[in-house]
Amino acid sequence: MVARAKELIPLLRERARKTEELRRLPPETERDLHDRGLFRILQPTRVGGSEFDYVALVDCADALGQGDASVAWNFANLASHHWMLGMFAPEAQDTVWNENPGTLIASSFVFPAGRARRAEGGYLLNGHWPFSSGVESCEWNMLASIIETDDEADGIEYRLFLLNRRDYRINDTWNATGLGGTGSNDVQVTDVFVPQHMTIAVSDLTGGPTPGSAVNPNALYALPVFSLFPYVLSGVGLGNAQACLDDYVEIARHRASTYNRAKLGDMQTTQIKIAEASAKIDAARLIMRTNCIEVLADVRHGHVPNIAAKTKLRRDGAFSVNLCTDAVSLLFTASGARSLFTSGALQRQFRDAHAVNSHLAFNFDAAGTNYGRVALGLPSENLTL
């Protein structure tokens, strides 16, 4: 699958400008991802998916990100939802996959954006969610909500709701300086009834058996979802940074300075920047892959990560993407005025790197604070862990 993703890199680069202009994935790019089975890498084999280990999400996003970060972002988002659906009740899985096992599912996991109240047999859902990436390509959507209650003693409950496209409205809001081709529009829901089996409590996704385990016994579907949330998208920043480095090295091999005609590759400053950027990218890749591999191995042995391990996963996810962003910023600055031309890829890689980094999952202040709290014996502030 990684090889299939890498085959697309030249095509994705050719289409990058068109993708940004469309503000969503071009139909031919969606078709390429479908035809190669990439959207289904984490889907259960019982419905025709590949059911690969979780690290495949990082590896394939890394490969696609070397072509276009917007494509990698939508791929990773939408592929991860097949994985998450595998944890829902079997009836929900059948509702979606019996109709079309290759269907795409969007999401918005902004819990405060939704309000749901219990009703007979399910919930009544309302809300307005931002950042539903790739939503125009999808027939379904996973929307996060807080459950409203009249009794404060009930505490706060977070829950995910699976809705068909006919039950929500898409608002065209996505005009962004980075990840411009992801079509991350708003979604609005008004008084929609969602049956109980089409929802799942976040407390069922913290690691260990899930409602879907009866039909999907692989440890893949017993991973702690929101502890691993950064790694859904971290490969995007990784691939984008790798492409930026590769492009910079190629240019430095052949380009001479505009002012003194000195060959850039002969300059010590160029050599040092290549070393620093590549070290950051290699370190980021090692952190991402190691964490994904180790947590799945632990769950296979029946060990659900404790809260300290979960906050470390979040810390490392943010830190590793920050390393990638630092590498891109370093190379952008080193490239001088030529990096500003829209005819080149570097300005897009710079914009996309910072757009990736703006996601809350990669905010090191937030992830680091929570890690530090738990390390000091204080309770975690992240209610999804």
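The rules behind each value
- Residues numbered from 1 in each chain as written.
- Predicted model: local features only at pLDDT ≥ 70, side-chain atom pairs only at ≥ 80, totals over all residues.
- Heavy atoms only, no water.
- Helix = DSSP H or I, 4+ residues; strand = E, 2+ residues; numbered from the N terminus.
- Rg over C-alpha atoms; globule rule 2.2 N^0.38 Å.
- Buried < 20%, exposed > 50% of the residue type's maximum accessible area, 1.4 Å probe, protein only.
- Contact = heavy atoms within 4.5 Å.
- Areas by Shrake-Rupley, 256 points an atom, 1.4 Å probe, with all protein chains shown as cover.
- 1 Å grid on protein atoms, 1.4 Å probe; cavity = no way out; pocket = protein on both sides within 12 Å on 5 of 7 lines; lining within 4 Å.
- Points joined across faces, edges and corners; volume = space filled by probe spheres on them.
- Pairing = 2+ DSSP bridges.
- Nonpolar A, V, L, I, M, F, W, Y, C, P; charged D, E, K, R; others polar.
- Core = buried A, V, L, I, M, F, W, Y, C linked by side-chain atoms within 4.5 Å.
- Axes fitted to C-alpha atoms, helices over the stretch in contact; angles between N-to-C directions.
- Left-handed = near helix turned anticlockwise from the far one by under 90°.
- Expected span 1.5 Å × (residues − 1).
- Bend = angle between axes of the 7 residues up to and from the residue.
- Phe/Tyr/Trp six-rings, centres within 6.5 Å; stacked < 30°, edge-to-face > 60°.
- Lys NZ or Arg CZ within 6 Å of the ring centre and 35° of its normal.

Enquirer: Give me the overall build of the protein: which residues, what numbers.
Expert: Regarding its fold elements, the protein presents eleven helices and eight strands. Relative to the compact-globule value of 21 Å for 385 residues, the protein shows a C-alpha radius of gyration of 21 Å, a close match. Taken over the C-alpha atoms alone, the protein extends approximately 75 × 50 × 35 Å along its principal axes. For the protein, buried positions account for 54% of its 385 residues. Counting only contacts in the protein whose residues sit at least 6 apart along the sequence, the fraction spanning at least 24 positions is 75%. Within the structure as shown, the protein displays about 16300 Å² of accessible surface, and the carbon and sulfur contribution to it stands at 52%.

Enquirer: Can you tell me about empty space enclosed by the protein, naming the residues and giving the values?
Expert: By the definition in use, this model includes one cavity of 30 Å³ or more. Elements represented by at least two residues in the lining of the largest cavity include exactly α5 (69-85) and α7 (229-254). In terms of residue count, the dominant contributor to the lining of the largest cavity is α5 (five residues).

Enquirer: With reference to specific residues and values, describe the pairing of strand β1 (residues 105-108).
Expert: Residues I105 and S107 point to one face of β1 and A106 and S108 to the other, with burial holding for every one of them. Note: β1 against strand β4 (residues 140-148), four bridges, orientation parallel. Opposite A106, over in β4, you have N141 as the bridge partner.

Enquirer: Help me get a handle on the layout of surface pockets, residues and values and all.
Expert: Here the largest pocket defines a volume of roughly 1100 Å³. F109, F229, H359, L360 and A361 are the residues nearest the centre of the largest pocket, which is lined by 42 residues in total. Breaking the lining of the largest pocket down by element, the ones donating at least two residues are α5, β1, β3 (122-132), α7, α9 (307-334), α10 (346-357) and α11 (364-375). Among the elements that take part in the lining of the largest pocket, α11 stands out by supplying four residues, more than any other. When its residues are assigned to classes, the lining of the largest pocket shows 21 nonpolar, 18 polar and three charged.

Enquirer: Help me get a handle on the nonpolar core, residues and values and all.
Expert: Formed by 110 residues in total, the largest nonpolar core has its most connected members in Y54, F75, W83, L160, L162 and F226. Broken down by element, this core gets its largest block of residues, eleven residues, from α5.

Enquirer: Let's hear about the packing of helix α4 (residues 55-65) against α7: which residues, and what values?
Expert: Direction vectors running N to C along α4 and α7 enclose 35°, while the axes themselves pass 7 Å from each other. Handedness of the crossing formed by α4 with α7: right-handed. Contact with α4, carried on its side by L57, V58, A61, D62 and G65, involves Y231, V232, S234, G235, V236, L238, G239, N240 and A243 of α7 and no other residues of that element. In terms of residue class, the contact of α4 with α7 is made up of eight nonpolar, five polar and one charged.

Enquirer: So what's going on with unusual backbone geometry? Which residues, and what values?
Expert: If you check the backbone angles, R23 has positive phi at about 65° while not being a glycine. Topologically, R23 is positioned in the loop between α2 (9-22) and α3 (27-35). The class for R23 is partly exposed, based on a relative accessible area of 26%. The backbone phi angle of D191 is positive, close to 50°, even though this residue is not glycine. Residue position: D191 is located in strand β7 (residues 185-195).

Enquirer: Mind laying out α2, listing which residues take part and the relevant values?
Expert: Owing to its 3.6 residues per turn, the α-helix brings residues three or four apart onto one side. The first and last C-alpha atoms of α2 sit 19 Å apart over 14 residues, in line with the 20 Å expected at 1.5 Å per residue. Of all bends in α2, the biggest is about 50°, found at R15. R23 lies just past α2 and shows a positive phi near 65°.

Enquirer: Please provide a residue-by-residue account of α7, values included.
Expert: When the terminal C-alpha atoms of α7 are compared, their 40 Å separation across 26 residues agrees well with the 38 Å that a helix rising 1.5 Å per residue should span. By the criterion of burial, α7 is predominantly enclosed, with 19 of the 26 residues buried.

Enquirer: Pulling in residues and values, what's your account of the packing of aromatic side chains?
Expert: Within this structure, the stated rule accounts for ten aromatic pairs. Pairing F109 with F226 gives two aromatic rings, centres 5.8 Å apart and planes at 85°, and the pair type is edge-to-face. Taken together, the residues span a long stretch of sequence, with F109 in the loop between β1 and β2 (114-119) and F226 in the loop between β8 (199-201) and α7 at a distance of 117 residues. Residues F131 and W174 carry aromatic rings whose centres are separated by 6.3 Å and whose planes lie at 85° to one another, so their mutual orientation is edge-to-face. A residue pair is termed long-range when its members are at least 10 positions apart, and F131 in strand β3 and W174 in the loop between β6 (169-171) and β7 qualify at 43 residues. According to the relative accessible area criterion, W174 is buried, its value standing at 13%. Grouped by ring-pair contacts, the aromatic residues F109, F111, Y158, F226 and F229 constitute a single cluster. The positively charged end of R315 is found above the aromatic ring belonging to Y371, 4.5 Å away from the centroid.

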